Amino acid sequence: MLKNNNLLLASFVASVAMLGTGAATAQDDKEVVTVVKVTGENWFTRMEEGVTLYGEEHDGIGTRQVGPARADAAQQAAIIEDLISQEVDALAIVPMDPSTLEGVLRRAMGRGIAVITHEADSLQNTQLNLEAFDNAEFGAHFAEDIAECMGHEGQWTSFVGSLGSLTHVQWADGGEEYMAQFPEMELVSPKNESFNDANRAYELAKEILRAYPDIKGFQGGSAIDVIGIGRAVEEAGLEDETCVYGLGLPQDTSAYLESGAVDGIAFWDPKDAGYVMNILADKFLNGEEIKTGDDLGVSGYEDVTVTDGPGEGKIVRGQAWVDVDASNWSDYPF
Amino acid sequence: MTLYNFQSMGTQIPELGLLALGVMLAMISGRGGIDLSGIALANLSGVVAFMIAPMIIAPAVSPVGFLLSFSAIALGVGVIGGAINGMLIGYAGMTPIIVTLGTQLLFTGIAVGVTGGSALQLGYIPVIDDFGNMPLWGVPRTFGVFILIALALAVLLRYTRFGVHLFLMGSNATAARFAGMRVKSILFRTYLLAGVLASIAGIIIAARTSSVKWDYGTSYVLVAILIAVMAGVRPEGGYGRVTCVVLSAIALQLLSSFFNFMQISNFFRDCAWGLMLLLFLANTRVEWSDYVPAILRGRGE
């Protein structure tokens, strides 16, 4: 076994040596690193466009995006640990699981690194958290479309990825609240859990169509809910009778948007979110304060709302949803 | 390279290192021994301890007492989980890879069931956070704990009857049985020990992240095996050294941090890990010098 130990020793020495060379690379520019949940997903590839664009458009600041190859909170935390060691100037993070990052982010802030987060309004150890919109408003926005499309009367239902997904539940509740003003609208079997599985959403939608033959409205929760609902609606041949709205991605949903099984989707553009996170990081590093009513110069973030977060930090909200239907889905390459 | 760099890496090593030690024990025991359930048991330990510990001592009353009761319950879960693996493999004679794959799903399933899938937050408890994140005399405390446990394990394997029998059994189970060793009991205790190591990893994860969740570190299964194989532990059983596993865990962490520092894609990291696993496995099997011409070997026939 001696030779095997030699191999281990060699790789040990080699990795120490490589680490020594690695530490020598430093930059004069301010360095802002965006850490996403996982690399290679369409959503975060689109976000990277925004991140890179900000660095290209602004001098004196270097931006890049990193993320684990697999969606694992431990890997994301390890990447952030190493970025703290490298003493970057600011971190812009889309947490896989906000609670697991509290400790490491507290340490980042303790070492003078600015911490900006996205989609983590429960996080305590952050300086600025960016939300594309108020979740209740987003839900109400879908409900408005559905009510309009149904002529303000009839049965409707809502979907969520899971009851544990806080934002999805907030959308469903926001929709329900909006619908309360129309006495003719009847909510049946609310908050169906699709578990982020298009097949499950399809099965559920089929069951609902069977149980409530007169149902007209569907509000999707997770981004794939509308796909499952759309397939069930298409199979039942009810494209024109039903109104399906929800979170969705243009390319994934395009076939159902074309056939009319899904009437409209909305989402927030990750490219803008990535761009705006870097704006916030830049402003924060320059000591500028963000106030309610500020215009960040990006569509949807022209009149942001700033509120206190659960910790020391602040939450910045835009109204950055993008509506997409059969006419304009092809404008979005993801 | 600053002191902080090393401290940062030091805090990242223990959880993986402990899981790798568990894998090493399982591998030494032979018969295709492996423990795939490590990280699942670690998470389950954290989850169960988090649910029960506040009922015994509230963290606000006595943070140290909370940490102790938290650790005790987590270790208890580790013992139970390890015992389940040990019973099925040792006494029921089932194949380790299938058993631990099954218990991995079982432990994960229980953790999802009791938490409903969401993370449980410990909140900011200074004592626990210090334990997880703050160095003592320049050394991260969790890293210190890891080294102490490794030392204790090394002594156990080297100087106790259990340790000696474990290696003999791993080399040749049949011979060990006919020599009068209690093979079943040794297997049982081996997997029990691996379970305890996993639950210590669970405590460290909880302290470091101030939270417990069922799917933390799902990528650790492969990496723990890689560390063990890289350390020269024989997958067929009968050989493995604790020192090498510790060094191997450190080397892998250095390499991983190096990839991050050099901004190398994280997909390449997975690829590199796979390649290294195969390379080190091959290295235990192949006598490389056979392929070197005799004249280069520097000695005649």
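Residues numbered from 1 in each chain as written. Chains lettered and ligands numbered in written order. Predicted model: local features only at pLDDT ≥ 70, side-chain atom pairs only at ≥ 80, totals over all residues.

Draft legend 1. Quick look at the overall build of chain B. Looking only at helices and strands, one finds 13 helices and four strands in chain B. For 301 residues, the compact-globule estimate of 2.2 N^0.38 gives 19 Å, and the C-alpha radius of gyration of chain B, at 20 Å, lies within 12% of that figure. Counting only C-alpha atoms, chain B reaches 75 × 50 × 35 Å along its principal axes. Per-residue burial over chain B gives 50% buried out of 301 residues. Sequence-distant contacts in chain B: of pairs separated by 6 or more residues, those separated by 24 or more amount to 79%. (Helix = DSSP H or I, 4+ residues; strand = E, 2+ residues; numbered from the N terminus. Rg over C-alpha atoms; globule rule 2.2 N^0.38 Å. Buried ≥ 20, exposed ≤ 12 C-beta atoms within 10 Å, placed from the backbone. Contact = placed C-beta atoms within 7 Å.)

Draft legend 2. Molecular detail of the overall build of chain A. The number of helices and strands found in chain A is 10 helices and 14 strands. With the principal axes as the frame, chain A shows a C-alpha extent of 70 × 60 × 35 Å. Going through the 334 residues of chain A one by one, you find that 49% of them count as buried. Residue pairs in contact within chain A that sit at least 24 positions apart in sequence constitute 69% of those at least 6 positions apart.

Draft legend 3. Representation of the sheet that holds strand E5 (residues 128-131) of chain A within the structure. All names here are of chain A. Strand order in the open sheet formed by seven strands is E2-E1-E3-E4-E5-E13-E12, and the pairing between neighbours is mixed. Edge positions in the sheet fall to strand E2 (61-66) and strand E12 (305-308), since each has one partner strand and no second. Across the sheet, the mean angle separating the axes of adjacent strands is 20° when strand polarity is ignored. Bridge count for E5 against strand E13 (residues 314-317) is four bridges, and the pairing is parallel. Bridge assignment links Leu128 to a residue of E13, and that residue is Lys314. Where helix H2 (residues 42-57) meets the sheet, it contacts strand E1 (30-35) and E2, and its direction lies at approximately 165° from that of E2. Its contacts with the sheet put helix H3 (residues 73-85) on E1, E2 and strand E3 (90-93), and the angle it makes with E1 is roughly 175°. (Pairing = 2+ DSSP bridges. Axes fitted to C-alpha atoms, helices over the stretch in contact; angles between N-to-C directions.)

Draft legend 4. Spotlight on the interface of chain A and chain B. Across the contact, 39 residues belong to chain A and 46 residues belong to chain B. Within the residue set of the side of chain A that touches chain B, elements represented by two or more residues are helix H1 (2-22), H3 and helix H4 (102-110) of chain A. The leading source of residues in the side of chain A that touches chain B is H1 of chain A, at 12 residues.

Draft legend 5. Structural view of the domain arrangement of chain A. Per the domain assignment, the segments of chain A are domain 1 (29-126 + 270-320) and domain 2 (135-268). Distance from the C-alpha centre of domain 1 of chain A to the C-alpha centre of domain 2 of chain A: 31 Å. (Domains from an automatic or database assignment.)

Draft legend 6. Region of the structure containing the packing of helix H3 (residues 63-91) of chain B against helix H5 (residues 126-133) of chain B. Residues and elements named next belong to chain B. Put simply, H3 and H5 touch, their axes get as near as 8 Å, and they point 60° apart. Judged by the angle between their axes, H3 and H5 are oblique. Contacts from Pro63, Val64 and Leu67 in H3 reach Pro126, Val127, Ile128 and Phe131 in H5. (Parallel < 35°, antiparallel > 145°, perpendicular 65-115°, else oblique.)

Draft legend 7. Layout of the confidence of the model for chain A. For chain A, per-residue confidence averages 85 on the pLDDT scale, and 91% of positions sit at 70 or higher. Low confidence marks residues 22-26 of chain A, where pLDDT is under 50. Its contacts with residues over four positions away, or in another chain, come to five contacts. (pLDDT = per-residue confidence, 0-100.)

Draft legend 8. Main features of the confidence of the model for chain B. Residue and element names in this part refer to chain B. For chain B, the average pLDDT comes to 85, and 96% of its residues sit at 70 or higher. Mean pLDDT across the secondary structure elements of chain B bottoms out at helix H13 (residues 294-297), with 66, and peaks at helix H6 (residues 141-159), with 92. On the interface metric, ipTM, the complex scores 0.72, and its pTM is 0.75.

Draft legend 9. Highlighting H4 of chain A. Where H4 of chain A is concerned, the buried positions are Glu102, Gly103, Val104, Leu105, Arg107 and Ala108 of chain A. One or two steps after H4 of chain A, the chain reaches Gly112 of chain A, where phi turns positive at roughly 80°.

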